[in-house]
Amino acid sequence: MNDKLLGDRYKLGEMIGTGGMADVYIAQDTRLARKVAVKILRSDLARDPSFVSRFRKEALAAAGLNHPGIVAVYDSGEEPAPYIVMELVSGHTLRELIHKGERVPLKRALEIGEGILAALEYSHERGIVHRDVKPANVMITDQGDVKVMDFGIARALADLGATLTSTWNIVGTAQYLSPEQALGEIADLRSDIYSTGCLLYEVLTGHPPFTGETPVSIAYQHVSGKLISPSSLQPDLPAGIDVILNVALAKKPEDRYQSAGLMLGDLFKIGAGQVLTTKIARKKMSRRKLLVIALSTVVSLAAVSSVLVLTRPSTNTANYPQIPNVVGLTQADAQAMLSDYVVTFTRAHDARIPKDRVASQIPLATTRAQKGSGVVLTISDGPGDAIVPLDLIGMSLIDARAALAAVGLLVAQTEAVASDQPQGTILQVTPEPGSTITAGSGVVLQIASGQIEVPVLIGVDAIQAKTILVQAGFLVKEIEAYDANQPVGVVIRQAPDAGTTQTIGKSVTITVNKAP
């Protein structure tokens, strides 16, 4: 057995990603002479025997998914820590695309939705429910293809009974969580359809369907909040988009599409320019309920069609009037200034805008929009309270800033201290995580400076030494020599010496004993 290789096969290279569950590395598959991605699970998950057992089973199930729209799982192992070996995809995540802030053209948005649904239809037919469909788990390859990933991990975590409060950062992102997941109920394939609806809503409109100050408040919106029609935010969307997303985002699973294929078929119709009929989704329903749904769909289509007649864009948008800036005005004054538009109001806490004043508007001021189109105004409820997120410690500084911003808090100060954690890792938070403070307030973050102690490696098995260095954040340089007095395969020299400090990301050279 070659102890230098992970699983006697995979030679680890540079880290290419990290997250709440695992770190991802490029690796060389020495048997098949190809590059792969190796995902090594987080140490706290690796210590949970029930998770490791479930993960092993689900990794095997995911490895059986052979579809061009699913990132392939090739292999898995558990030493020195649980890991999975996956197809190495060159591209970027849908999350990165969304965060650019550019509106995705309708045709491309439909292609993305179709790619996700085709992958889900395949996995659902084989009994695999993803349960964590979100932009970060959708890859867009350099060729423009759509690939869904992390089937096995998502299901293994969900089946452990992870809860909204204890492991939110692991199981799903709040903005893409189905109502039944938010309530702790069983999530089946229709939860994947709901999450896909959330994702598609955001790609088409530029905004998630539900927002809130905290994950719990967002979950509440999923359970009981009223959905703003996509056409209210983007009047140029086809009428059928409202129909598809209202079905996909139904609160009750039985009112949604009952298979990914049914939703996929309706997306194909929209892409082909067809008008949707009432033959959407729902199997196993009473004739009376189906009649009610059909009638309501006809009414919805008629209403949406009438709006689109009023708001159908002309070929020359330069002739449209500019939407005035109403941020900071009272609701009445803003309504008066926007009398030519259909105005929808929502409310949210905002630390910057006084209570009962307009905090934000969509579309933005100076945007040219046809009279009669929709404008959404958010009225400030004042600063309100915010809870310091519970999971900040261990995050990177970038992720911690984003998590604080999501609940309306700021980073007031950072204090760098020596630590064996990767540079920028959050070590301590003041006020403490879970504290309730005024929204808009700042917190103090103690972060790792990145200067850490080089571990003792001499006498350690080579593969174990490399794992220690990689997980500590060092790069590894390996050379070979022979010492007849030492066991073959162990480290006989290292540089820098153990106990000295070295900046994370720098190289540590190990000399491995190899027989001539």
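Keep in mind the model is a prediction, meaning the values are calculated, not measured.

Caption draft 1: Summary view of the side chain of histidine 130. Assignment of secondary structure puts histidine 130 in the loop between helix H4 (106-125) and strand E7 (138-141). At 2.7 Å, the side chain of histidine 130 forms a polar contact with the backbone oxygen of methionine 149.

Caption draft 2: Local environment of the pattern of salt bridges. One pass over the full model with this rule turns up 17 salt bridges. Aspartate 381 is paired through a salt bridge with arginine 347; the nearest N and O atoms lie 2.7 Å apart. You can see aspartate 381 sitting in the loop between strand E11 (374-380) and strand E12 (385-387) and its partner arginine 347 sitting in strand E9 (residues 342-348), a full 34 residues away along the chain. On the basis of relative accessibility, which here comes to 42%, the residue arginine 347 falls in the partly exposed class. Taken together, the shared-partner salt bridges connect Arg9, Asp29 and Arg34 into one network.

Caption draft 3: Examining the nonpolar core more closely. The biggest cluster of nonpolar side chains holds 50 residues, and the ones touching the most others in it are Ile116, Phe151, Leu199 and Met263. Contributing elements (two or more residues each) for this core: helix H3 (94-99), H4, E7, strand E8 (146-148), helix H7 (189-205), helix H10 (239-248) and helix H11 (260-271). When residues of this core are sorted by domain, at least three fall in each of domain 1 (3-85) and domain 2 (91-270). Excluding its chain neighbours within four sequence positions, the residues that come into contact with isoleucine 116 are Val133, Val138, Val146, Val148, Thr196 and Leu199. Within the second largest apolar cluster, 17 residues are counted, among which are Leu397, Val429, Ala439 and Leu445.

Caption draft 4: A look at the sheet that holds strand E16 (residues 442-448). The three strands lie next to each other as E13-E16-E14, forming an open sheet whose pairing is mixed. The strands lining the two open edges of the sheet, one partner per strand, are strand E13 (410-417) and strand E14 (426-430). Put simply, the sheet's adjacent strands are angled 25° from each other on average, direction ignored. Strand direction decides the pairing type here: E14 and E16, joined by four bridges, are antiparallel. When the sheet's bridge partners are listed, glutamine 428 is paired in E16 with glutamine 446.

Criteria and thresholds
- Residues numbered from 1 in each chain as written.
- Predicted model: local features only at pLDDT ≥ 70, side-chain atom pairs only at ≥ 80, totals over all residues.
- Heavy atoms only, no water.
- Helix = DSSP H or I, 4+ residues; strand = E, 2+ residues; numbered from the N terminus.
- Polar contact = N/O pair within 3.5 Å; in protein donor to acceptor, adjacent residues only side chain to side chain.
- Salt bridge = Lys/Arg side-chain N within 4 Å of Asp/Glu carboxyl O.
- Buried < 20%, exposed > 50% of the residue type's maximum accessible area, 1.4 Å probe, protein only.
- Core = buried A, V, L, I, M, F, W, Y, C linked by side-chain atoms within 4.5 Å.
- Domains from an automatic or database assignment.
- Contact = heavy atoms within 4.5 Å.
- Pairing = 2+ DSSP bridges.
- Axes fitted to C-alpha atoms, helices over the stretch in contact; angles between N-to-C directions.

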